[in-house]
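# Architecture and fold: a report
Okay, here's what each chain looks like letter by letter:
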Amino acid sequence: MKLPPTPRNPNWLFYLKFEADPFGYMDVIYKHYGDIITIMSDSQPIIYISNPQGIKEIFNNTKEITASGALNQSFAIGTGKQGVLQLDGWRHKHRRKLLMTSFQGGRTQAFGQRICELTDKIMSQQAISKSFLAYEIIEDIALRIGIELVVGLSEGDRYEKIKHLFSFLMKYEQSSLINLLLKLPFVNRDFGKWSPQGYQLNLYQKIFQLLYSEVSERRQKPDSLSSDTLSTLISACDETGEALSDEEVRDLLLSPIFAAQHASGAAIAWSLYWIHRLPEVRDKLLEELNTLSESPDPMSIVTLPYLNNVCNEALRIYPTQLFTFPRLVESPIEIMGYEFDPGTILIGNIYSMHQREDIYPEPKQFKPERFFEKQYSSFEFLPFGGGARSCIGGAFALFEMKLVLATILSHYQLALVSKKPERPKYGGLISYPASGVKMVMHGRRNYQGYSQPLVSSLF
Ligand code: HEM
């Protein structure tokens, strides 16, 4: 089997360069080796593809390529052994469908007003003229929305504990020191709760226990009026007609909460950054928001075309998930002139796909207009992946992005503190703003954009 080209660096140097500047290094690799490359992991070839034809094969060829759950076992530490990421075949399909019913259509639409209120409540707590890290605030909003949507909790002791643990875990895993320690093979073991990995496992165990208790209690007192994911799962049956076990329900809740917190939080923070870095984008967006009534219905916000394209462009230029989950070649297959044996791993390289100059002219420029000018195929623009393992929360994530951004933009006057570009950092699965997008609030904005004078004593 002749494999696609492999970057010449030894693996340790490859990972070091990627860690230091993930997007810059991927640009260099694309320029030197093209849109299909091999990275060897021990003796296992992993093929990264950033070509629409190749991506189409990964998403659509379900006969020779599977979305193997076994390849996602490393995430089980945070998502449990029976999480949707770890499942295969018909069981994966069935559980996906169950989860998707709670993230789609009327259920999420009814949640729109709540997203706007929550965003306004958190933003109104920011002091005027004092700087704050937008990524931290947005992550808090996204996590609250995620827990409420998935578990149905918005207050109380258990809610506070769950929220605190998810938030603390994210900070712990994004800390540069912990990240470095967890990469060292002789440190990355469970030596009890005083070791970095043992401590991390202990935090996950606490989350698992809290969610398990919530599942068991809700099973005792089901509420037919609740529309959260937990309610959907406890009233669902598996393929044999039996109810899902409490443990399985708990595992199925975990990856949606993590995704809502991490992926949505980073995507909204990146959008805020671009909007405030480019005054012409912010002004156009405000102009569009000013066409709405004073208290617009959330559904009129989500149909705004420029807002839609700002979100798309933010997801294009810095996609929060750089790669699709891995896929497994099950029988010999040819992709882009290369023949792959069973056992080869294929990954869609979302970032490099979104940076192709032939598809996105001036790819480094943030230009929402490009989405007015061209209709991109789902193999060219793929922030939510595609095929058998495509994002189950993609539609909800876009809905949430638009409502959070519209609420912030139309009610608050914000500015970036620094003129320096914000660097992306890659952690675990997602890329996020390395310095957290430092911003300052100058004041409130009234309906139609008239700004209110600064009255610090109000806050
Ligand atoms: C802007 C926010 C988000 C982005 C950019 C994003 C992106 C992605 C991507 C790229 C994948 C992998 C697709 C593939 O391998 O083909 C994925 C999978 C997934 N996403 Fe998202 N996501 C976001 C928000 C969410 C939200 C809000 C939820 C849940 C509420 C969610 C739940 C999931 C789950 C459960 C999977 C795995 C599906 C499976 O294993 O079948 N994501 N997401």
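Residues numbered from 1 in each chain as written. Predicted model: local features only at pLDDT ≥ 70, side-chain atom pairs only at ≥ 80, totals over all residues. Heavy atoms only, no water.

### A few points about the packing of aromatic side chains
In this structure the tally under the stated criterion is 27 aromatic pairs. Pairing Phe-23 with Tyr-351 gives two aromatic rings, centres 4.3 Å apart and planes at 15°, and the pair type is stacked. Remark: Tyr-351 occurs in helix 17 (residues 350-354) and Phe-23 occurs in helix 2 (residues 22-33); sequence separation between them is 328 residues. Of the two residues, Phe-23 and Tyr-351, neither departs from the other in class, the shared state being buried. A connected cluster of aromatic rings, assembled from ring pairs, spans Phe-23, Trp-270, Tyr-273, Trp-274, Tyr-318, Tyr-351 and Phe-366. When the ring centre of Tyr-360 is taken as reference, the NZ or CZ atom of Arg-316 above it lies at 5.2 Å. (Phe/Tyr/Trp six-rings, centres within 6.5 Å; stacked < 30°, edge-to-face > 60°. Helix = DSSP H or I, 4+ residues; strand = E, 2+ residues; numbered from the N terminus. Buried < 20%, exposed > 50% of the residue type's maximum accessible area, 1.4 Å probe, protein only. Lys NZ or Arg CZ within 6 Å of the ring centre and 35° of its normal.)

### Concerning the coordination of the iron atom of the ligand
A metal bound by six donors in octahedral fashion has ideal angles of 90 or 180 degrees, whereas one bound by four tetrahedral donors has an ideal angle of 109.5 degrees. Looking at the protein side alone, the iron atom of the ligand has one donor only, Cys-391 (SG), at 2.3 Å. Here Cys-391 is to be found in the loop between helix 18 (370-373) and helix 19 (394-411). (Donors = N, O, S within 2.8 Å, 3.2 Å for Na, K, Ca; no water.)

### Remarks on the site of the ligand
The ligand sits among 29 residues. The nearest are His-92, Arg-96, Arg-327, Arg-389 and Cys-391. Here an oxygen atom of the ligand sits 2.7 Å away from a polar atom, N or O, in the side chain of His-92. In the model, an oxygen atom of the ligand is placed 2.7 Å from a nitrogen or oxygen of the Arg-389 side chain. Where the shell around the ligand is concerned, the elements lending two or more residues are helix 5 (89-101) and helix 13 (246-277). Element by element, the count of residues in the shell around the ligand is highest for helix 13, at six residues. A class-by-class count of the residues in the shell around the ligand yields 17 nonpolar, nine polar and three charged. Shared between two domains, the shell around the ligand takes at least three residues from each, and those domains are domain 1 (1-66 + 322-365) and domain 2 (67-321 + 383-458). (Near = heavy atom within 4 Å. Polar contact = N/O pair within 3.5 Å; in protein donor to acceptor, adjacent residues only side chain to side chain. Nonpolar A, V, L, I, M, F, W, Y, C, P; charged D, E, K, R; others polar. Domains from an automatic or database assignment.)

### Let's talk about the confidence of the model for the chain
Reading fine detail from the predicted coordinates is not recommended where pLDDT is low. Confidence in the prediction for the chain averages 92 pLDDT; 96% of positions are at 70 or higher. A low-confidence stretch, residues 453-459 stays under pLDDT 50, and its non-local contacts, those more than four residues away or across chains, total nine contacts. (pLDDT = per-residue confidence, 0-100. Contact = heavy atoms within 4.5 Å.)

### A few points about the pairing of strand 11 (residues 430-433)
Taken together, the four bridges between strand 10 (residues 424-427) and strand 11 define a ladder with antiparallel strand orientation. Paired with Gly-427 across the strands is Ile-430, a residue of strand 11. Linkage of strand 10 to strand 11, two consecutive antiparallel strands, is achieved through a turn of two residues, within which Gly-428 is found at a positive phi near 70°. (Pairing = 2+ DSSP bridges.)

### Concerning the packing of helix 9 (residues 157-174) against helix 13
Across the interface, helix 9 lies against helix 13 with an axial gap of 11 Å and an inter-helix angle of 65°. Crossing angle aside, the handedness with which helix 9 passes helix 13 is right-handed. On helix 13, the residues touching Phe-166, Ser-167 and Met-170 of helix 9 are Leu-254, Ile-257, Phe-258, Gln-261 and His-262. Taken together, the residues of the contact of helix 9 with helix 13 break down into five nonpolar, three polar and no charged. (Axes fitted to C-alpha atoms, helices over the stretch in contact; angles between N-to-C directions. Left-handed = near helix turned anticlockwise from the far one by under 90°.)

### Here we look at the pattern of salt bridges
The final tally for this structure, using the stated rule, is 21 salt bridges. Between Arg-114 and Glu-148 there is a salt bridge, with its nearest N and O atoms 2.8 Å apart. Here Arg-114, found in helix 7 (residues 112-123), pairs with Glu-148, found in helix 8 (residues 134-151); they are 34 residues apart in sequence, far enough to count as distant. Here Arg-218 ties to Asp-228 by a salt bridge, and the two come within 2.8 Å at their closest N and O atoms. Of the two residues, Arg-218 is situated in helix 11 (residues 196-220) and Asp-228 in the loop between helix 11 and helix 12 (229-234); the sequence distance between them amounts to ten residues. Here Asp-228 falls in the buried class, since its relative accessible area comes to 7%. (Salt bridge = Lys/Arg side-chain N within 4 Å of Asp/Glu carboxyl O.)

### Describing the environment of Asp-223
By the secondary structure assignment, Asp-223 is in the loop between helix 11 and helix 12. For Asp-223, a relative accessible area of 40% corresponds to the partly exposed category. Distance from Asp-223 to Ser-235, taken between C-alpha atoms, is 9.9 Å for residues twelve residues apart in sequence. Here Ser-226 takes part through its side chain, which lies 3.0 Å from a polar atom of the side chain of Asp-223.

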